[in-house]
Amino acid sequence: MVNLLDKFREKKKSLLFIPFFVSGFPSFHFLEGFLIRNKDKIDILELGIPFSDPIADGPILQEINYRAMINGVNLGSTINWLAKTEISKKIDTILLLYFNLVQKDLESKLEKFREVGVKGLVIPDLPLEEAETLVPLFTKFNLDLILFISPTTREERIKKIVKIAPSFLYCISVKGVTGERETLLEESIAFVKRVRKETDKPLVWGFGIRSGEQIKTLKGLVDGVIVGSAFAKKILNNEDLQEYFDELYEATL
Amino acid sequence: MKEIDLKKFPDERGYFGEFGGRFVPETLVEPLLRLEEAYKKYKEDESFKEEYNYYLKNYVGRPTPLYFAKNLSKKLKAKIYFKREDLCHTGAHKINNAIGQALLAKYMGKKRLIAETGAGQHGVATATVAALFGFKCTVYMGEEDCKRQKMNVLRMRLLGAEVVPVKVGSKTLKEAINEALRDWVSNPEDSYYLLGSVVGPHPYPMIVRDFQRIIGDEAKKQILEIEGRMPDYLVASVGGGSNSIGLFYPFLEEKVKIIGVEGGGRGLESGFHSASINFRRIGVLHGAKMYLIQDENGNVAPTHSISAGLDYPGVGPEHSFLAKIGRVKYDLATDEVALKGFYALSELEGIIPALESAHAIGYVIEHRDSFPEDEPLIIINLSGRGDKDLGIIYGYLEGENG
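Quick notes on the rules
Residues numbered from 1 in each chain as written. Chains lettered and ligands numbered in written order. Predicted model: local features only at pLDDT ≥ 70, side-chain atom pairs only at ≥ 80, totals over all residues. Heavy atoms only, no water. 1 Å grid on protein atoms, 1.4 Å probe; cavity = no way out; pocket = protein on both sides within 12 Å on 5 of 7 lines; lining within 4 Å. Points joined across faces, edges and corners; volume = space filled by probe spheres on them. Nonpolar A, V, L, I, M, F, W, Y, C, P; charged D, E, K, R; others polar. Axes fitted to C-alpha atoms, helices over the stretch in contact; angles between N-to-C directions. Helix = DSSP H or I, 4+ residues; strand = E, 2+ residues; numbered from the N terminus. Parallel < 35°, antiparallel > 145°, perpendicular 65-115°, else oblique. Left-handed = near helix turned anticlockwise from the far one by under 90°. Contact = heavy atoms within 4.5 Å. Buried area = accessible area lost by both parts, 1.4 Å probe. Salt bridge = Lys/Arg side-chain N within 4 Å of Asp/Glu carboxyl O. Polar contact = N/O pair within 3.5 Å; in protein donor to acceptor, adjacent residues only side chain to side chain. Phe/Tyr/Trp six-rings, centres within 6.5 Å; stacked < 30°, edge-to-face > 60°. Buried < 20%, exposed > 50% of the residue type's maximum accessible area, 1.4 Å probe, protein only. Lys NZ or Arg CZ within 6 Å of the ring centre and 35° of its normal.

## Focus: empty space enclosed by the protein
All names here are of chain B.
Here comes step 1: As enumerated under the stated definition, the model contains eight cavities of 30 Å³ or more in all.
Here comes step 2: Reported here for the largest cavity is a volume of approximately 390 Å³.
Here comes step 3: Along the wall of the largest cavity there are 30 residues; nearest its centre are His93, Lys94, Ser242, Gly309 and Leu310.
Here comes step 4: Of the residues that constitute the lining of the largest cavity, the class distribution is nine nonpolar, 17 polar and four charged.

As structure tokens, then:
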């Protein structure tokens, strides 16, 4: 079984490509087709579970969360879908979900995740203090708990987070919510350099990515890049996704 | 039962027993840590305390009276006192907290206040202190609530605040808090998030409680002066829970029975209510673990109350804790019972109460027989005045007649 950290260590390209999609949107069928078709381009799939109150998300992902939720997409239906399809067997898959979706019966949920081949979890409202007591439990189920660092995180906390982090680190590149940004800010790049000095663990850039140009400037700076809202916007507007997806993928090579 | 020191909460991780905590995106941890540090520093600061007390006395109009409701008492064969928070400047207890936190923001050097509001009372209180202390101010309010509370929207705008209608989801208080948090994530340096209830991530439940405990501190002193003894009961309505914790907190270690009244809407079975504790499911929303109205999948469920101020799916972590250990009894009053309280106080005492407070009044009227004392001594928190609710009452009367 490939461990996510090993995957970064053994990477043969500049950046791991980590596209993010909200589960079941626009439909399970569409998503399955797209993901399986592109399985060799996706280094890690980040799959979001719709939630009623996604406080870390900007307008595009809020809208999609809401639409998917009222279409009946939830954690249970996503797990069933993963169990039935080849997605998490062919692509290393991590789930992004808000803590309320798993806080009840956490152990049995983690067991389920493992069973259907999920490799890790990203929980945007679970900062270090709440996460650290859960790390042993995640380890027990062989799941990676991905921790965050933000431009506002103070030095002593950065040191603590990188020490405890059981997997790669999710660097929130900007102060704000998810969504595309025109340019990569100087201060975002300075922030990632600051984190780089503190750790050898893989760093992944999240928030704000919309172009291949942006991705290229991140080479050598981080180990992977997450793209979410930019794809979501294409889907939301019924625009063709493949060409754009390929452009961003190629930028990570 | 082992004695629990009820005054030692929250612990240093921000927990009240298993409730509370700090479930927020990493970007907000730093501003919350700074807030906690500043609060610890200034709450002991003499000039801060002096300024807070000055504004409470001269601007808010404190202390508020503890009023003996003679006619209602006679009718119910009880001794009923009302803590008159409705007489505060801006018409509700919300201003106590707004003054305290705005001063904190001033001492921290912030330039802008962000707030959420449901019925508009906290938004008006925040817009008021923003005008008073010279802050820029943005208030998030659900689009539905903007429609229901047009006058409060106008009040806030007159006070110089920018009111942003929130158009996603249920378009009420819950979404307004989401949007305020998103604003704060984007502007953590210059902006201060002035949260209006004892909910949210640590240290908010503690800060808001501390700025509201003046209600109970005054009531305790007043009842001892008037009656020479502790009351048998305290009763207050509970939405997020700021007016109730304000009254309850100074009495937690006294031999006083305490009842919190949740918004029962059309009844617990109907699915249209906001009685989070009585719904008995625990969850995490807006940064804290608490009792939370949610569906089987963990999505926060829609709520209902005739009173916009109680229409919130969660309840403060300290209330959740007090419920769990059994120190406070949490019951509910339906819309209908609240209306009974609303009319009774208007007709018998000449006071038109806020619909939130009317839940506590209606509850006492409805449950008088279950109070075993011959003449129980009861303090009810009259958390706000009813002017803001006249439109809703008007709609109800129209509905009944049509």
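## Observations concerning the packing of helix H3 (residues 59-70) of chain A against helix H12 (residues 229-236) of chain A
All names here are of chain A.
Here comes step 1: Relative orientation of the contacting elements H3 and H12 amounts to 55°, with a least axis distance of 9 Å. Taken together, H3 and H12 sit at an angle that is classed as oblique. Both H3 and H12 take part in a crossing whose hand is left-handed. Judged by residue contacts, Ile60, Leu61, Glu63, Ile64 and Arg67 of H3 engage Ser229, Ala232, Lys233 and Leu236 from H12.

## Comments concerning the interface of chain B and chain A
Here comes step 1: Across the contact, 37 residues belong to chain B and 35 residues belong to chain A.
Here comes step 2: Between chain B and chain A, a total of about 3,000 Å² is buried, with carbon and sulfur atoms accounting for 48% of that surface.
Here comes step 3: One salt bridge connects Glu189(B) with Lys175(A), and the closest N-O pair in it is separated by 3.2 Å.
Here comes step 4: Linking chain B with chain A are 24 residue pairs in polar contact (both at pLDDT 80 or more), by the criterion used here.
Here comes step 5: Elements with a contribution of two residues or more to the side of chain B that touches chain A: helix H1 (26-42), helix H8 (173-186) and strand S11 (282-285) of chain B.
Here comes step 6: Considered class by class, the residues forming the side of chain B that touches chain A number 15 nonpolar, 10 polar and 12 charged.

## Digging into unusual backbone geometry
Residues and elements named next belong to chain B.
Here comes step 1: The amide bond that connects Phe9 to the next residue, Pro10, takes the cis arrangement and shows omega of 0°.
Here comes step 2: Following the sequence through the fold, Pro10 ends up in the segment before strand S1 (15-16).
Here comes step 3: Between His202 and the following residue, Pro203, the backbone shows a cis peptide bond with an omega angle of 10°.
Here comes step 4: Mapped onto the elements of the fold, Pro203 is located in the loop between strand S8 (191-193) and helix H9 (204-212).

## Quick word on the packing of aromatic side chains
Residue and element names in this part refer to chain B.
Here comes step 1: Summed over all chains, the structure comprises 32 aromatic pairs over all chains.
Here comes step 2: Consider the rings of Tyr52 and Phe211, whose centres lie 5.1 Å apart with planes at 55°: the pair is tilted. Here Tyr52, found in helix H2 (residues 46-60), pairs with Phe211, found in helix H9; they are 159 residues apart in sequence, far enough to count as distant.
Here comes step 3: For Tyr52, a relative accessible area of 10% translates into the label buried.
Here comes step 4: Exposure remark for Phe211: the relative accessible area of 4% places this residue in the buried category.
Here comes step 5: Aromatic pair Trp184 and Tyr204: ring centres 6.2 Å apart, planes at 70°, arrangement edge-to-face. Of the two residues, Trp184 sits in helix H8 while Tyr204 sits in helix H9, which places them 20 residues apart along the sequence.
Here comes step 6: With relative accessibility at 1%, the residue Tyr204 sits in the buried group.
Here comes step 7: Positioned over the ring face of Tyr249 is Lys7, at 5.3 Å from the centre of the ring.

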